[in-house]
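# Architecture at a glance
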Amino acid sequence: EITSAWGVDLDVSLYITENHGILFSYLGTEQSISIEGFKRLSTGLFGTERGYSLTVSLKNPIFSLAYVYGLANQRVNFMLGPSFLPLRTKYSISGSDSDRQGSSSKALFGALVGSSVNVFHRKWWFLNVKVYYNWFPTVDIGPYTLSGTDENGVRQSTTFESENTQMSSLTIGVGGGMRF
């Protein structure tokens, strides 16, 4: 289970009127899941167990286009709009006769809800605290099947079953920018 990951968030807000605008947002994150030895094959040298290793990397930039409503000269802002997540999954399997790497891609559509409050609000620049929630439907990752031969020459295999994973994200951060 992934509970947190680093990310880069870039936003551009264009106000059409004093209180109404459009937000273009990019949130780039990379998450990695490592599963080691979910089935042991045998005992190797010095009593160490030899097992399978599965690493799954998720690269998921999130693109959003949202309506922005600003209060008090854009010091407090609320956002709502659609989000797009082109999910790229890469996997690497080792410890079996069929070591391999691969990838897959899926497109997910969701929604962005957020708010920001300017802590410092000057004529040409600002510093704010922001909270965004990107909702996306769940996605299945897997299944992955691995096979190998133990020390007795017996062929064994194991399957990492498909895992239903939530791709939604909560972003809490500090931002700064220029006002034009």
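Predicted, not measured: the structure shown is a model, and the values here were computed from it.

Here we come to the overall build of the chain. When helices and strands are counted, the chain shows zero helices and 12 strands. Reading the helices (α) and strands (β) of the chain from amino to carboxyl end gives β-β-β-β-β-β-β-β-β-β-β-β. Among the 180 residues that make up the chain, the fraction classed as buried is 36%. Counting contacts in the chain only where the partners sit at least 6 residues apart, residues at least 24 apart contribute 62% of the total. Summed over its atoms, the accessible surface of the chain is roughly 10700 Å², and 59% of this surface lies on carbon and sulfur atoms.

Evaluated as defined, the whole model comprises two salt bridges. Between D9 and K130 there is a salt bridge, with the nearest N and O atoms lying 3.2 Å from each other. Separated by 121 residues along the polypeptide, D9 in strand β1 (residues 7-15) and K130 in strand β7 (residues 125-135) bring together distant segments of the chain. K130 serves as the salt-bridge partner of D11, at 3.0 Å between the closest nitrogen and oxygen. Taken as a pair, D11 in strand β1 and K130 in strand β7 lie far apart in primary sequence, 119 residues in all. With relative accessibility at 27%, the residue D11 sits in the partly exposed group.

Looking at where S116 falls in the secondary structure, it is placed in strand β6 (residues 100-121). The class of S116 is buried, set by a relative accessible area of 3%.

Our next topic: the nonpolar core. Core analysis: the biggest nonpolar cluster contains 14 residues, and L58, L85, L87, L108, F136, Y144 and M167 have the highest contact counts within it. Of all the elements in the fold, those that place two or more residues in this core are β3 (49-59), β5 (76-94) and β8 (139-141). With three residues, β5 is the single largest residue contributor to this core. Ignoring anything within four residues of it in the chain, the contact list for M167 reads L58, N60, L85, L87, L108, F136, P137 and V139. Listed in part, the six residues of the second largest apolar core include L23, A66, V68 and L112.

Another aspect to go through is the confidence of the model for the chain. Atom-level detail of predicted coordinates should not be read off regions where pLDDT is low. Here the chain averages 79 in pLDDT, and 75% of its residues register 70 or above. Element-level pLDDT for the chain is lowest in β3, with a mean of 65, against a maximum mean of 94 in strand β4 (residues 62-71).

To continue, consider unusual backbone geometry. You will see that Q74, though not glycine, has its phi angle at about 65 degrees, which is positive. Structurally, Q74 can be placed in the loop between β4 and β5.

To continue, consider the packing of aromatic side chains. One pass over the full model with this rule turns up three aromatic pairs. Here the aromatic rings of Y26 and F63 are separated by 5.4 Å at their centres, their planes lie at 50 degrees, and the arrangement is tilted. A residue pair is termed long-range when its members are at least 10 positions apart, and Y26 in strand β2 (residues 20-43) and F63 in strand β4 qualify at 37 residues. Ring geometry for F84 against F109: centres 5.1 Å apart, planes inclined by 40 degrees, an arrangement best described as tilted.

Rules of the game
Residues numbered from 1 in each chain as written. Predicted model: local features only at pLDDT ≥ 70, side-chain atom pairs only at ≥ 80, totals over all residues. Heavy atoms only, no water. Helix = DSSP H or I, 4+ residues; strand = E, 2+ residues; numbered from the N terminus. Buried < 20%, exposed > 50% of the residue type's maximum accessible area, 1.4 Å probe, protein only. Contact = heavy atoms within 4.5 Å. Areas by Shrake-Rupley, 256 points an atom, 1.4 Å probe, with all protein chains shown as cover. Salt bridge = Lys/Arg side-chain N within 4 Å of Asp/Glu carboxyl O. Core = buried A, V, L, I, M, F, W, Y, C linked by side-chain atoms within 4.5 Å. pLDDT = per-residue confidence, 0-100. Phe/Tyr/Trp six-rings, centres within 6.5 Å; stacked < 30°, edge-to-face > 60°.

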